[in-house]
Amino acid sequence: MAIPGNMLSAAAESMDPTFTGWRPRLNCTFLSGTGGRNGPKVLTVRSGAAGETQAETVTGYPVTAGQTYQVFADASSATEAERIGLLWLDDTYTPVGSTLWSLTTSAASASWHRVGVAGPAPSGATRVRIILSSTAAGALVSHYWENVYLGVPIRTTGNLFGFGTESSEIDASGWVSETNATISRQAPPTSWAVDWYWSGGQVLAMTATAAGNAAMISVEQPTVTPGVEYQAYAYLSPPTTAASAWVELRFYDATNTQLSATRATLAATSTGFQRQRVSAPAPGTAVTARMAVGLVGASASQVLRVEQAVIAAAPTIQAGSVLPYVDASFEQGVGSWTKTAGVATLARSTPWGAAAVDGSYCLTVTSTTATGSTIRSAKYPLVADGSTYRLMYCEQVAAGGWTLTRGVRWYSATNTDLGLTSVAAASAPTPGWWYLFGDLTAPAGATQAAVELTLTATATSSVIRLDNVALWPALPLVTVTATEATASVTLTMRELPLDQLIKVFRVTASGALTLVRGPAGLYDGTTVVTSDLMVIEDYEAPLGVPVSYRVEITDPVGGDVQTRTTTTVTVPHTDINRAWLKDPGNPQRNTTAIVQRAPDWARPIEQSAYVVKGRRNKVVLGGRRQGLEGDLTLWTISDEERAALHWLLDEGHTILWQAAPGMGVADMYVSVGQIGEGRTGGTAMDPMRSWTLPLTEQNMPVTTGVNGSAGRTWTDVVAEFATCADLLNTFATCEDLLLDVRMG
């Protein structure tokens, strides 16, 4: 799978089908090896003699001076450490400044491991080459490379930190010692999944100066919004499994006074990298936040390694859920949950990764006797008075047996207990994790709710695990709305099962099915569901015609199919003189224009005529008759309409032409030839124009995705760019900013 945003070709990235794009630079020859993960092949660099070997890209890739670039690759060698570098060049391929080298990995490793570095292109640099380097102990020593990336830094979407704080690929300046620590960078040979792009080759290392507590804190203090729940997380590599390593999320007011600090301690299962999360709401006067990491009771010279530091809005287990993340996922403890009756004990699971549905931990409930216990969450504000709510949680019986009663206790605005609504008791299903649901109606006057579970052990020493707790308004599973201003239909799907494959059809009154377009192309059953809430904007729905939608959700393992259907919806189109012209991949370019005259269609055909001696009629050989061709003439009546039409046609994409119903023209995908723009006979200041668009009928594009940078918001822009001037130097247009298309 190609790395998103990679400046390298697929072959140069993966070394498949061979090492096209690379050449020996120093003391080596190349072979095409096997055993790769990004495709089957790898680049084998074989030393000619003892000493350093270097391979480099044939191409010098274009760069912009001052822009930060990241490079990484996966390497493997049982005998050699390695490093990776960027050789900056000018237009004549003359080196500019010094080569930007990564640290050399601290040890050799035959397992695939990441090497990488990042930094700004120096003044005068217009191109860059990648250099892969290792030092061989002798001749004919092989070193293996694949999965190479070059481009702008790959950041975690939604991270309030900039790349320099999230990653240590540039330097360690994003962090400072707070207590008893020194900070540096290291390059351990760490293995990451081939498609995990958010970790480089260099990691932050905090070394305890002396015995005792040690901590470091981020220099960067991103702005936060009071009342919003935030999550901080980082990958931690503790010095020992017994070490008490922690992550802390802190909030500060306008005077930089610390308002709160919430800590989560890693229950390490190894000394490898394990992601620890912590979450908390920003207090009412909070302005900024910082992350701290550290060790409790460290020994002198003990090292805590850190990778991928993130502060972001906390995720929601289910769209619309009233439970905060801390009480839904149990990543930092049991949260606000308490036992209100019985003998059961509550604890966070241990160690890291042993049992969880979301994150790395879950809530563990243990009963020493075969009796019932009641556990209850905190009270949460409801989003709608008098609504029906859906309760969900995951359970796994770890020992013994259990009977479960799930319910919600309701409260008024004055905290008056309005009673418990529950679902009938049932045996906890086994084995493995199970999602359990219940629909419960809030009584009149209820403004708060607490989840209340009665767990009855049916055997002594019973243990049950709980995770992914959510309570949300029970809205329709699928809804559709039409918007006349954009001539589109919005399809909202809720409570989708994760990791399933989804297929979405538009259905007309005749029963005809047409696949709907998404970011990766048509929703044809290859798109994986990654969120329980999915919103699709269908800009290709016909005008003035009732349509509905059919959604098929397929289990990729068992093949079971769920089907959902919608009510009908109609896209209004009130001005019959106007037609829509749409770019299926870039709906922000869609526009309307007044139709002056519909095309007079022609349907060409390739034919050859032959005269046969003695035969009256010619013999004609021909192919299949082609699609429609003709000239569409339009009017634009303002400078804004004229600019919009140019913008739509600039890229030369296949476009969708939609006329009003009853005009004798069906919706049609067309390519547009050389356009003509003429004046209509008015004064020079008259903005009205007459257009001639030569159309050639096309098939509907099937691989074109709706363009966009998934999940990208102003939060990501602010985290990466300090000023508007930086944006002007990086993006040519506002659309480029939206799509993260950078100059150079």
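Refer to the structure above for everything that follows.
Residues numbered from 1 in each chain as written. Predicted model: local features only at pLDDT ≥ 70, side-chain atom pairs only at ≥ 80, totals over all residues. Heavy atoms only, no water.

Some words on a nonpolar patch on the surface
Under the convention used in this document: Each patch groups residues whose relative accessible area exceeds 30% and which form no salt bridge, using 9 Å between like charges and 5 Å between nonpolar side chains of Val, Leu, Ile, Met, Phe, Trp and Tyr. Note on areas: these come from Shrake-Rupley sampling with a 1.4 Å probe, and a residue is covered only by the protein chains present in the view. Whenever Lys or Arg places a side-chain nitrogen within 4 Å of a carboxyl oxygen from Asp or Glu, that contact is recorded as a salt bridge. Working definition: helices are DSSP H or I runs of at least four residues, strands are E runs of at least two. Numbering for both runs from the N terminus.
Together, V357, Y435 and F437 give the surface a local cluster of nonpolar side chains, amounting to about 260 Å² of exposed area. Topologically, F437 is positioned in strand β31 (residues 434-441).

A few points about unusual backbone geometry
One can expect most non-glycine residues to show negative phi and most peptide bonds to be in trans. So the rule is basically this: For every residue, the accessible area obtained with a 1.4 Å probe (protein chains only) is divided by the maximum for its type, and the residue is called buried under 20%, exposed over 50%, and partly exposed between those limits.
For the bond from D16 to P17, the omega torsion is 0°, close enough to zero to count as cis. Summarising the element assignment, P17 is placed in the loop between α1 (10-14) and β1 (22-26). Here T350 and P351 are connected by a cis peptide whose omega angle stands at 0°. Counting through the fold element by element, P351 comes out in the loop between β23 (345-348) and β24 (363-367). At N180, a residue that is not glycine, the phi angle is positive and equals roughly 55°. Relative to the helices and strands, N180 resides in the loop between β12 (175-179) and β13 (181-186). On the basis of relative accessibility, which here comes to 22%, the residue N180 falls in the partly exposed class. The residue F330 is not glycine, and still its phi comes out positive at about 60°. As for its position among the elements, F330 is in the loop between α3 (325-329) and β22 (338-341).

Some words on the sheet that holds strand β33 (residues 462-473)
The criterion, for reference: When DSSP finds two or more bridges between two strands, those strands count as paired. Lines fitted to C-alpha atoms define the axes, with helix axes restricted to the stretch in contact, and inter-axis angles between N-to-C directions lie between 0 and 180 degrees.
Pairing is antiparallel across the open sheet formed by 5 strands, whose spatial order is β23-β24-β33-β27-β31. A strand with exactly one partner marks an edge of an open sheet, and here the two such strands are β23 and β31. Strand after strand, the sheet turns through a mean of 30° between neighbouring axes, direction not considered. As defined by bridge partners, strand β27 (residues 388-399) adjoins β33 across 9 bridges and the pair is classed as antiparallel. Looking across to β33, one finds that R390 is bridged to W472.

Considering the pairing of strand β14 (residues 203-208)
For β14, the buried fraction is high: 6 of the 6 residues fall into the buried class. Alternating residues of β14 divide into V203, A205 and T207 and L204, M206 and A208, and every residue in both groups is buried. Here β13 pairs with β14 via 6 bridges, running antiparallel. The residue of β14 that forms the bridge with I183 is M206. Of the strand pairs in this sheet, β14 and strand β21 (residues 303-313) are connected by 4 bridges, and their pairing is antiparallel. Bridging from a neighbouring strand, A205 pairs with R305 of β21.

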